[in-house]
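Residue strings, one per chain:
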Amino acid sequence: QLANIPTNLDKYTDESVANLEHVKSTIVRDKNFLEQSIVDDYVNDLINAIRELKIKTFNINTIINEKASVNLSGSNNTEYGDSRELTVITVLGYRVKSIKVNDVDKISDLVNGKLTLSNIVSDLEIIVETEPEKYEFISGKDAVYEGKVLVFKINGLYSLFDKLYVNGIELPLDNYTVVEGSTVITLSNEYLSTLNAGTYKLKATYTNSASDETTFT
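Residues numbered from 1 in each chain as written. Predicted model: local features only at pLDDT ≥ 70, side-chain atom pairs only at ≥ 80, totals over all residues. Heavy atoms only, no water.

J.: Kindly report on the pairing of strand β1 (residues 57-63), identifying the contributing residues and their values.
T.: If a strand is regular, its side chains alternate between the two faces of the sheet. In the sheet, β1 pairs with strand β3 (residues 77-79) via 3 bridges, with the strands oriented antiparallel. Bridge pairing in β3 links Asn 59 to Asn 77. Relative to strand β8 (residues 124-132), β1 runs parallel, the two sharing 4 bridges. When the sheet's bridge partners are listed, Ile 63 is paired in β8 with Ile 127. (Pairing = 2+ DSSP bridges. Helix = DSSP H or I, 4+ residues; strand = E, 2+ residues; numbered from the N terminus.)

Listed below in structure tokens is the structure:
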């Protein structure tokens, strides 16, 4: 029965291991054959102590904001050595800024929104922080008006487009059009022809707090 004791007791609770060690400590090796009943008790006590070994369990606690949610491939309660896959789902227009497991940054291990938690041997606290996606003008920057409409393209989500500003003043919708692809903004010739010569700052904002700006002349 002593040989049936698991070689690695780290996975079992301290209490159940302590009980097993106590049972082992009561064994006296120099019993004679007339004391077989005592030896039998040792055996039964060992059998019970081994059977009563309890595997440690741990809890996975996730802390997130309203811009994300997480799914685990199993319950939040895990046994010693278990693994879980954590999937992070962000609200449209947001991305994961950081993901920490017990204060250790694991953002580099996040692949396609999934994080593998292998060989869990302690409670885990997972903190997920998000930030708005970064959008920028990818064409039309520093455009020059020469009697034709000006077209600008931003790699932001069209569905999240909010407002357009020229020199810090919101531009009325009848002065430009916005279409998908990702976001294509066209300043009308009618509007541009009313402006004095000079350089103007153009800023586009999105409902996820993202923004970018460029200029046109």
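We are not done yet, so read on.
J.: Kindly report on the environment of Ser 193, identifying the contributing residues and their values.
T.: Inspection of the secondary structure puts Ser 193 in the loop between α3 (189-192) and β15 (200-206). Considered as a pair, Ser 193 and Lys 148 are 45 residues apart in the sequence and their alpha carbons are 9.0 Å apart.

J.: For the pairing of strand β10 (residues 150-154), give the residues involved together with the corresponding values.
T.: Here β10 shows one buried face, formed by Leu 150, Phe 152 and Ile 154, and one open face, formed by Val 151 and Lys 153. Relative to strand β14 (residues 183-187), β10 runs antiparallel, the two sharing 5 bridges. Bridge assignment links Lys 153 to a residue of β14, and that residue is Val 184. (Buried < 20%, exposed > 50% of the residue type's maximum accessible area, 1.4 Å probe, protein only.)

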